[in-house]
Amino acid sequence: MTLPPESEWSNLDWLIALRANSDQAWTAIRERVLRSLRAYLRGRGRTPADEDLEALAEDAVQDTLLTVRVKLDTFRNDSRFTTWVHRIAVNALLGRLRQRRWNLRSPETVSDAIPDSLDEERVPAPERAVLQRELWTLVRRLIEVELTPHQRTILVAHVFHQKPLDLLAAELGTSRDAVYKAIYDARRKLRAALVARGVTVAEALEVFGKGSRP
Amino acid sequence: MNHAQFLRLLRAIFDTREDEIVCSEFFELLPKYVDLVLATADASRSQPDQPADILPQVAHHILQCSECADAYEALLEIERSSR
């Protein structure tokens with residue numbers, strides 16, 4: 001089967017060709033995804049010539065093709081087919097980049113604890129510094145007393161220490177959605193606790209907002 | 001954690017909604033959302049239906065989940081440059 005240039009293919013053309021296991025179609029999708037991921041890495045200031053990153057992009061493409069093959073029949077036809085494929089590729093690439101960044105983090109940053117204080121690049125005015133410290137202390141305390149150990153572990157690891165959601169899910173033997181849901185439940189509890197103590201969003205944002213810097 | 005990160009956490013806490021979606025639901029809707037964003041950018045400014053109006057839960061999830069926000073930005077960039 002000979003097809004027109006892939007830039008002219010409709011969603012249906014892609015589906016028919018890939019379901020028919022057309023070499024032209026699979027080669028076209030592979031080259032398209034690889035080109036896109038390389039361009040994305042270049043745009044982010046990364047050099048695809050870097051062997052490690054080139055391998056990472058190649059691995060992400062392999063993951064993508066496997067996922068497309070398995071999930072082809074789940075495509076809902078509510079977007080361009082190529083956007084759907086690129087979404088799978090983005091997940092694969094960013095997942096690998098996050099894992100890589102986590103593995104390369106400096107050992108002294110590894111912690112399961114809530115920081116005692118916030119990192120400060122510039123010292124705020126004294127009266128605002130007091131308000132910031134009070135709000136930080138309150139939130140820190142609420143995280144310790146209001147959340148379940150499961151919610152606290154996940155919130156602290158992901159929000160405070162940027163541990164990837166997929167990695168947390170794998171370590172906890174659960175799904176990424178379940179990890180995200182734990183963070184959602186934690187946010188709900190913290191919001192209720194802050195509101196119950198009279199803290200408003202306007203106040204919180206004012207204390208830590210743009211106006212907080214001298 | 002620095003001030004900007006803590007401010008983002010505070011925003012996320014106060015902007016928590018009852019009808020939020022999880023990441024897998026977001027990923028299912030993301031291609032459609034990105035196509036809408038690009039179509040809207042190409043169309044007249046007076047076009048009434050914005051992506052965030054059509055898929056508000058997707059727009060909100062982008063604000064609440066930093067990893068999914070990264071995926072949105074990456075997909076948007078890739079699609080924008082490949083068309």
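In short, a report on the structure. Everything numeric in this text was worked out from a predicted model, so none of it was measured.

Describing empty space enclosed by the protein
All names here are of chain A.
So, point 1. Counting across every chain of the model gives one cavity of 30 Å³ or more.
So, point 2. Put simply, the largest cavity is a space of about 40 Å³.
So, point 3. Elements supplying a minimum of two residues to the lining of the largest cavity: helix H3 (51-71) and helix H4 (81-103).
So, point 4. For the lining of the largest cavity, a count of residues per class yields two nonpolar, two polar and three charged.

A few points about the nonpolar core
So, point 1. If you look at the biggest cluster of nonpolar residues, it comprises 93 residues, and the most contacted ones within it are Phe81, Ile143, Leu155 and Phe160 of chain A together with Phe6, Phe26 and Tyr72 of chain B.
So, point 2. Element by element, the count of residues in this core is highest for H4 of chain A, at 10 residues.
So, point 3. In this view, Phe81 of chain A contacts Asn11, Trp14, Leu15, Leu18, Ile29, Val68, Leu72 and Phe75 of chain A; residues no more than four positions away in its chain are not counted.

Points about the interface of chain B and chain A
The accessible area lost on association of the parts is a frequent measure of interface size.
So, point 1. With 43 residues of chain B at the contact, the number on the chain A side is 51 residues.
So, point 2. Summing both partners gives a buried area of about 4,400 Å² for chain B against chain A, and 62% of it is carried by carbon and sulfur.
So, point 3. Broken down residue by residue, the surface that chain B buries against chain A is led by Met1, His3 and Phe14 of chain B, which jointly contribute 19%.
So, point 4. Where chain B touches chain A, the interface holds six salt bridges.
So, point 5. Here Arg191 of chain A makes a salt bridge to Glu18 of chain B, at a shortest N to O gap of 3.9 Å.
So, point 6. Summed over the shared surface of chain B and chain A, the number is 18 residue pairs in polar contact (both at pLDDT 80 or more).
So, point 7. Contributing elements (two or more residues each) for the side of chain B that touches chain A: helix H1 (3-14), helix H2 (23-42), helix H4 (56-64) and helix H5 (66-81) of chain B.
So, point 8. Split into classes, the residues belonging to the side of chain B that touches chain A amount to 22 nonpolar, nine polar and 12 charged.

Calculation rules
- Residues numbered from 1 in each chain as written.
- Chains lettered and ligands numbered in written order.
- Predicted model: local features only at pLDDT ≥ 70, side-chain atom pairs only at ≥ 80, totals over all residues.
- Heavy atoms only, no water.
- 1 Å grid on protein atoms, 1.4 Å probe; cavity = no way out; pocket = protein on both sides within 12 Å on 5 of 7 lines; lining within 4 Å.
- Points joined across faces, edges and corners; volume = space filled by probe spheres on them.
- Helix = DSSP H or I, 4+ residues; strand = E, 2+ residues; numbered from the N terminus.
- Nonpolar A, V, L, I, M, F, W, Y, C, P; charged D, E, K, R; others polar.
- Core = buried A, V, L, I, M, F, W, Y, C linked by side-chain atoms within 4.5 Å.
- Buried < 20%, exposed > 50% of the residue type's maximum accessible area, 1.4 Å probe, protein only.
- Contact = heavy atoms within 4.5 Å.
- Buried area = accessible area lost by both parts, 1.4 Å probe.
- Salt bridge = Lys/Arg side-chain N within 4 Å of Asp/Glu carboxyl O.
- Polar contact = N/O pair within 3.5 Å; in protein donor to acceptor, adjacent residues only side chain to side chain.

Nothing here speaks to function; it is all geometry.
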